[in-house]
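Reading the structure
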Amino acid sequence: MVESRKSGASNPRVLTIMKQAIAVNKKPFPWLKAFCAGIAAALPVMIGLLFGNIEYGLLAGMGGFTYLYVFNIPYALRAKKLLFVILGICLVTVLGTLAAPYPLAIALLMGIIGAVALFIFGALRIAGPSAIFFVLVFAMTTGMPAQPELAPLRAGLVFLGGTLSWIIAMFGWFFNPHGPETGVVQRVYLELAVFLDSVGTKKFNESRHRVMSVLKEAEETLAAGYIPWRPTDLFNRLFVLKDHANQLFLYVLENFSDSHAKIPLELGKTVRKMAHSLDQKIKGESFSEKIIQPSEMDEKVAKLFTIVYDADAIMNEPTSKINQTIRISKPSLKSIFMGAFDKNSIVFITAIRFGVITIIAAIIAFHFGFVRSYWVPLSCVAVLSGSTIVATYHRAIQRGFGTILGILIASLILAMHPAGYIIAFFILLLTFITELFIVKNYGLAALFFTPNALLMAESTSQAKFSFAYFASARLIDVIIGISIGLIGVWLVGRQSASSRLPHLITKTIRSQAQFLFILFSDQGEGFIASESRELKKMHTNIINLITLYTTASGEIPVNQKVIDYYWPVIFSIENLGYLLENCSKIRKRPNLSEETHSQLLYIFEMMANATLRKRSTSVKSVPEIADFPSIQSEIFSLQKSLLKEG
């Protein structure tokens, strides 16, 4: 009976993974981005053809992979991010050219490149394909004729192709320089409208968490888009609107968290209209005249209307009349990397695992003498790029089916021996379709990315092979690479995240206690809480904790009881961190008595100790924190969330 139950439990799990892997999401097609990606990849090849050297064009086309790292982020950040991507691709081109004659060096460098790229993207939380294209470019250059003296030339051509992608990616700045910042502030107000409608309903906490998340995103986006030597009227307005949204959110938390009555629907309608006016760039109209206020309302609701109308004024008044100094605070790169460079950081652990497994895959491929052996570790890298174990299985399934069909497409194309502008056309078409479908399903993208990569790689080799050769050789490479990736993840990372949750939760709770202490005690003249090392430490711990929990929830086998238990704990920790961080921006804060501090620190240490020992804790009375009842309430909620048996 036990065995049959286990079998019955595992089969649905396998079926679920299969269904999730082949599911096509409903995100809209990114037509413009896909077209630009195709141009960025194919235009260098066309230019090479015009100058009578397609090989140089194909090398420059590898720099076109830079455009695949374009996402909807502020142009100031986009410019820096893409520049470093270009430099990174040039560096791996040089390394690949120099290491080409040495198989062991190729294997080691492939793992190191993948691990470093994955760590940087993970630590900085940069959206994008992460390490895969750095490893791909490195692998492709190792497959070229071994001519170390050509390293500068190859890197220069790649740089030119990457620069072209940079120009295409930055072209939108001329038409809408603050488009990403405007979009995220608009989403803040749309979520705020839903949040206002949720007051007094069961959806309050869920909506509260969404607003908190988008406010954090808005703060990070605006910080990334800030150019101190080039402030603009629109950016200043967006920054003040974000701060005002935060003020509105905190006021609702302080005054309506325990309310069982709904607030007037007119408030939500007003905020929605304001959000849409941002998108439509409507100026000079006051929506407060269009929304009829309720005939009767209490003092708290009246204050809410005042805050909302102040936001409306910010949207329509000249920036010179807005009395607020913009202060951007963001952690240094050193503190970010040091926070991620920790034995309990899942980013660091994942990067090490990624590098080691990739090296093993490359050594196996070279040892058994596969033709174009780098396709084995490349398939392994594609599988390892999944953010969780479940995502890795999804990638394996998607990569398997997509690549098998993609190899057939590539074999048919290469069997026709395309040349000249036909190659450029196929690169444009395949890149366009890849970017079009990558948002839908990775497997669909792999269906077209595979023949594109093969076409670019094999066109530089000048070798002519049959359809049967390509189909059989690449299929074997893919199957072996996927198998190595899955085995490696299964052996190394099955329970690595969930086993670290208690320790990191303990560490985070203690860092919150330290930050709370400095917030409500006299730290002397000139002390700025919002720039303190205690805040940075708490912020880093919370980010690492959320990443760790996400990874743990995707493990196989997953301990659902543990995941369900820790969710409210992490929810409360994140909420408390948000409240404490916002409190640090307020200059006038009460100095609590020694007795109150002792009680608070005792409560935090009780929670931390109970988490570390995996024991339930008792709920203590939380002393009052004047003017900040929401912090007091969240500490109480965190205690209650730790009551259940883990």
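The notes below deal with the structure included here. Fair warning: this is a prediction, and the values are worked out from it, not measured in the lab.

A tally of helices and strands in the protein yields 24 helices and zero strands. For the protein, buried positions account for 51% of its 646 residues. Contacts in the protein between residues far apart in sequence, at least 24 positions, make up 81% of those at least 6 positions apart. Accessible area for the protein stands at about 30100 Å²; split by element, carbon and sulfur atoms hold 63% of it.

What follows is about unusual backbone geometry. Even without a glycine there, the phi angle at Ser-130 is positive, about 55°. Looking at where Ser-130 falls in the secondary structure, it is placed in the loop between helix H5 (103-123) and helix H6 (132-142). Given the relative accessible area of 13%, Ser-130 is considered buried. With phi around 60°, Lys-614 is a residue other than glycine that occupies positive phi space. Along the chain, the position of Lys-614 falls in the loop between helix H23 (594-612) and helix H24 (629-641). With a relative accessible area of 62%, Lys-614 lands in the exposed category.

Let us look at the pattern of salt bridges. Taken as a whole and assessed by the stated rule, the structure comprises twelve salt bridges. In this structure, the salt-bridge partner of Glu-206 is Arg-210, at a minimum N-O distance of 3.2 Å. Taken as a pair, Glu-206 and Arg-210 lie in helix H9 (residues 204-225) at a separation of four residues, close to a single helical turn. With relative accessibility at 51%, the residue Glu-206 sits in the exposed group. Accessibility expressed as a relative area gives 34% for Arg-210, which makes it partly exposed. Salt bridges sharing common partners tie together Glu-191, Glu-206 and Arg-210.

A separate point is the environment of Gly-485. In this structure, Gly-485 sits in helix H19 (residues 467-492). Residues Gly-485 and Val-376 lie 109 residues apart in sequence; the distance between their C-alpha atoms is 9.9 Å. Ignoring sequence-local partners within four residues, the contact set of Gly-485 consists of Ile-357, Cys-380, Val-383 and Leu-384.

On to empty space enclosed by the protein. To locate leftover empty space, one rolls a probe as large as a water molecule over the atoms. In this structure the tally under the stated criterion is seven cavities of 30 Å³ or more. Approximately 90 Å³ is the volume found for the largest cavity. Around the largest cavity, the lining residues are Ala-37, Ala-41, Gly-64, Phe-65, Leu-68, Phe-133, Ile-427, Thr-431, Thr-434, Phe-449, Asn-452 and Met-456. Mapped by element, the contributors of at least two residues to the lining of the largest cavity are helix H2 (31-50), helix H17 (421-437) and helix H18 (442-459).

Let us now look at the packing of helix H20 (residues 501-519) against helix H22 (residues 560-583). Two elements in contact, H20 and H22, have axes separated by 11 Å at closest approach and are oriented at 25°. One finds that H20 runs roughly parallel with respect to H22. For the element pair H20 and H22, the recorded crossing hand is left-handed. Here H20 contributes Leu-501, Pro-502, Ile-505, Thr-508, Ile-509, Gln-512, Phe-515, Leu-516 and Leu-519 to the contact with H22, which in turn contributes Tyr-566, Val-569, Ile-570, Ile-573, Leu-576, Gly-577, Leu-580, Glu-581 and Cys-583.

A full pass over the atoms with the stated rule returns 28 aromatic pairs. Each ring, one from Phe-249 and one from Tyr-578, has its centre 5.7 Å from the other, and the planes form 70°; the classification is edge-to-face. Note that Phe-249 is positioned in helix H10 (residues 233-256) and Tyr-578 in helix H22, a separation of 329 residues in sequence. Taken individually, Phe-249 and Tyr-578 each receive the classification buried, so the pair is uniform in this respect. Put simply, the rings of Phe-65, Tyr-69, Phe-121, Phe-133, Phe-134 and Phe-449 pair up and form one aromatic cluster. Above the face of the Phe-71 ring, Lys-33 is positioned so that its terminal group lies 4.0 Å from the ring centre.

Definitions and cut-offs
Residues numbered from 1 in each chain as written. Predicted model: local features only at pLDDT ≥ 70, side-chain atom pairs only at ≥ 80, totals over all residues. Heavy atoms only, no water. Helix = DSSP H or I, 4+ residues; strand = E, 2+ residues; numbered from the N terminus. Buried < 20%, exposed > 50% of the residue type's maximum accessible area, 1.4 Å probe, protein only. Contact = heavy atoms within 4.5 Å. Areas by Shrake-Rupley, 256 points an atom, 1.4 Å probe, with all protein chains shown as cover. Salt bridge = Lys/Arg side-chain N within 4 Å of Asp/Glu carboxyl O. 1 Å grid on protein atoms, 1.4 Å probe; cavity = no way out; pocket = protein on both sides within 12 Å on 5 of 7 lines; lining within 4 Å. Points joined across faces, edges and corners; volume = space filled by probe spheres on them. Axes fitted to C-alpha atoms, helices over the stretch in contact; angles between N-to-C directions. Parallel < 35°, antiparallel > 145°, perpendicular 65-115°, else oblique. Left-handed = near helix turned anticlockwise from the far one by under 90°. Phe/Tyr/Trp six-rings, centres within 6.5 Å; stacked < 30°, edge-to-face > 60°. Lys NZ or Arg CZ within 6 Å of the ring centre and 35° of its normal.

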